[in-house]
Amino acid sequence: MSEVKVIGAGLAGSEAAWQLAKRGVKVKLYEMKPDKRTPAHASDGFAELVCSNSLRSDELTNAVGLLKEEMRRLDSLIMRAADLNKVPAGGALAVDRFSFSKYVTDALSSHPNVEIIRGEVSEIPEGRVIVASGPLTSDSLAEKITALTGGDGLNFYDAVAPIVTLESVDMESAWFASRYDKGTADYVNCPMTREEYDSFVKELASAEEAELHGFDDGGVFEGCMPVEVMARRGLDTLRYGPLKPVGLKDPKTGREPYAVVQLRMDNSEGTLYNMVGFQTHLKFPEQRRVFKMIPALRNAEFVRYGVMHRNTYLNSPRLLDDLYRLKKEPRISFAGQMTGVEGYVESAASGLLAGLSAAREALGLDPVDFPRETAIGALGKYVSDESIYDFQPMNVNFGIIAPLDHRVKGKRNKNAAISERSLGIIDELAQKI
């Protein structure tokens, strides 16, 4: 029977392994935990969510909402795990990260076509391989990838937000609500006056950072900008970013506050909340000192502080095709953030396409073309677009999806029409694969 080796059991690797195994292809799934971990990892489970527990918007008028629905219709393991282990988050899809990881781990560990091999992989094995070792690829494997790709490995830095206990939040200074009262009241909103905000930003901008060799503000991916870096960009930067008060009325005043820090549920019990948009690499004592300047967090108990870690990605337009295969050696595919897709869902989607494509090749079937009219196809075509001069990690967005061939009035209506077209294509493809 055909066999494919998958290196890494993160979101992309787990999804790739699932797509292979469900089609009858034998999978050897390599995962270096628990033998070796990176500083960002905390558990031994598969599909560990290192940063936020949110998979972002679940609405079809949002590109990532469309991407998730495409994956659901293609029997995505990651989406099944997310839907079964979700926690309240308004219009977003957020999960209990521990039960989410356990579901994925159990599903793959119990599958008869999957063999789990624990331990670090330091060489790219022979045969069909999907490299999904993630943005925290170990140094030894990263060296082999660099040699294979001719030195086109690049890196940037990613940041993780702190988590606090709900019982330590001063609810006299906060309230539950979702922005614009949309959906259920799933966020804890911590308001700040202008004076409180100004003092907070001043201290945040000058707080002491943890040492990070080679760190450069210019090398930080914009979608995961550390909160202290945003503070240094200008006094109002945070008010137009993670601390924006728009759509949030304080029930005590009936007005929007000057600034609002939001907390989002991080576990199904509702005892832990993460600070939305507060990725950081400040020293731990500095995080405690500065973040406790937020009135509702003056007595906060931090169960995890923010950390900064390395992310590595390829110059994919030069190296990969739109099925994530290495152009010069197609038996090798890549998946996940290292391909230049940014975000949990996007990483899993790349694993889905890489796994599906490898399965069809292993079974002697023709590849399936996911056109740019679909979100899955658009991501694959973005990372393989040789016309891109300065390739940077990209979240899925309607700008990379093929436009409609007719005019639709209104942005939401246009996005809804794009999603409807895409899901029609996906439904047809699902019947063939």
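Position labels on residues start from 1 in each chain and follow its written sequence. Local features in this predicted model are restricted to residues whose pLDDT is 70 or higher, and side-chain atom pairs enter the listing and the counts only when it is 80 or higher, whereas totals over whole chains, interfaces and linings include all residues. Here the side-chain values reflect all heavy atoms present in the structure, with hydrogen atoms and water set aside.

## Some points on the packing of helix α1 (residues 11-21) against helix α4 (residues 97-109)
Next, step 1: α4 packs onto α1 with a crossing angle of 35 degrees between their chain directions and a minimal axis gap of 11 Å. The handedness of the crossing between α1 and α4 comes out as left-handed. Note on element contacts: α4 touches α1 through F100, V104, A107 and L108, opposite L11, S14, A17 and W18.
Next, step 2: Residue composition of the contact of α1 with α4, grouped by class: seven nonpolar, one polar and no charged. Geometry is summarised by axes, namely lines fitted to C-alpha atoms with helices restricted to the contacting stretch, and by angles between N-to-C directions that run from 0 to 180 degrees. For the purposes of this entry, the term helix denotes a DSSP run of H or I that reaches at least four residues, the term strand denotes a run of E that reaches at least two, and both are numbered from the N terminus. Here is the rule for handedness: rotate from the far helix to the near one, and if that takes an anticlockwise turn smaller than a right angle the crossing is left-handed, while a clockwise turn gives right-handed. Here, two residues are considered to be in contact whenever any of their heavy atoms come within 4.5 Å of each other. Under the scheme applied, nonpolar residues are Ala, Val, Leu, Ile, Met, Phe, Trp, Tyr, Cys and Pro; charged residues are Asp, Glu, Lys and Arg; polar residues are all the others, including Gly.

## A word on the sheet that holds strand β1 (residues 3-7)
Next, step 1: The strand order across the open sheet formed by five strands is β6-β2-β1-β7-β16, and the pairing between neighbours is parallel. One side of each edge strand has no neighbouring strand; the edge strands of this open sheet are β6 (114-118) and β16 (332-334). This sheet shows a mean twist of 20 degrees between the axes of neighbouring strands, independent of strand direction.
Next, step 2: DSSP bridges decide pairing: two strands pair if at least two such bridges lie between them. The pairing of strand β7 (residues 129-131) with β16 spans three bridges and is parallel. Bridge assignment links I130 to a residue of β16, and that residue is S333.

## Some details on the sheet that holds strand β3 (residues 54-57)
Next, step 1: Pairing within the open sheet is antiparallel, and its three strands lie in the order β3-β5-β4. Looking at which strands have only one partner, the edges of the open sheet turn out to be β3 and β4 (86-87).
Next, step 2: With two bridges joining them, β3 and strand β5 (residues 92-95) adopt antiparallel strand pairing. Residue pairing in the sheet places S57 in a bridge with A92 of β5.
Next, step 3: Sheet strands touched by helix α3 (residues 77-84): β3, β4 and β5. Its angle to β5, the strand with the most contacts, is close to 85 degrees.

## What about the packing of α1 against α3?
Next, step 1: Between α1 and α3, the least distance of the axes is 8 Å, while the angle of their chain directions is 115 degrees. By the angle between their directions, the pair α1 and α3 is classed as roughly perpendicular. In this structure, α1 uses L11, S14, E15 and W18 to contact α3, whose residues at the interface are L77, I78 and R80. Any angle from 65 to 115 degrees is called roughly perpendicular, while one under 35 is roughly parallel, one over 145 is roughly antiparallel, and all others are oblique.

## Quick word on α3
Next, step 1: Partly exposed residues are those whose accessible area sits between 20% and 50% of the maximum for their type, while under 20% is buried and over 50% is exposed, using a 1.4 Å probe and protein chains only. What α3 keeps buried is the set L77, I78, M79, A81 and A82.
Next, step 2: Under this definition, polar contacts are N or O atom pairs within 3.5 Å; protein pairs additionally need one hydrogen-donor-capable and one acceptor-capable atom, and for neighbouring residues in sequence, both atoms have to be side-chain atoms. For α3, the capping residue at the N-terminal end is S76, with a side-chain oxygen 3.3 Å from the backbone nitrogen of I78.

## Observations regarding empty space enclosed by the protein
Next, step 1: Cavity: a set of points on a 1 Å grid over the protein atoms alone where a 1.4 Å probe fits but cannot get out. Pocket: an open set with protein on both sides within 12 Å along at least five of seven lines, its lining residues, like those of a cavity, having an atom within 4 Å of a point. Grid points are joined across faces, edges and corners, and a volume is the space filled by probe spheres set on the points. One pass over the full model with this rule turns up two cavities of 30 Å³ or more.
Next, step 2: Taken as a whole, the largest cavity encloses approximately 60 Å³ of empty space.
Next, step 3: Around the largest cavity, the lining residues are V4, R128, V129, I130, R325, P330, R331, S333, A354, S357, A358 and E361.
Next, step 4: Elements supplying a minimum of two residues to the lining of the largest cavity: β7 and α10 (344-362).
Next, step 5: It is α10 that contributes the most residues to the lining of the largest cavity, four residues altogether.

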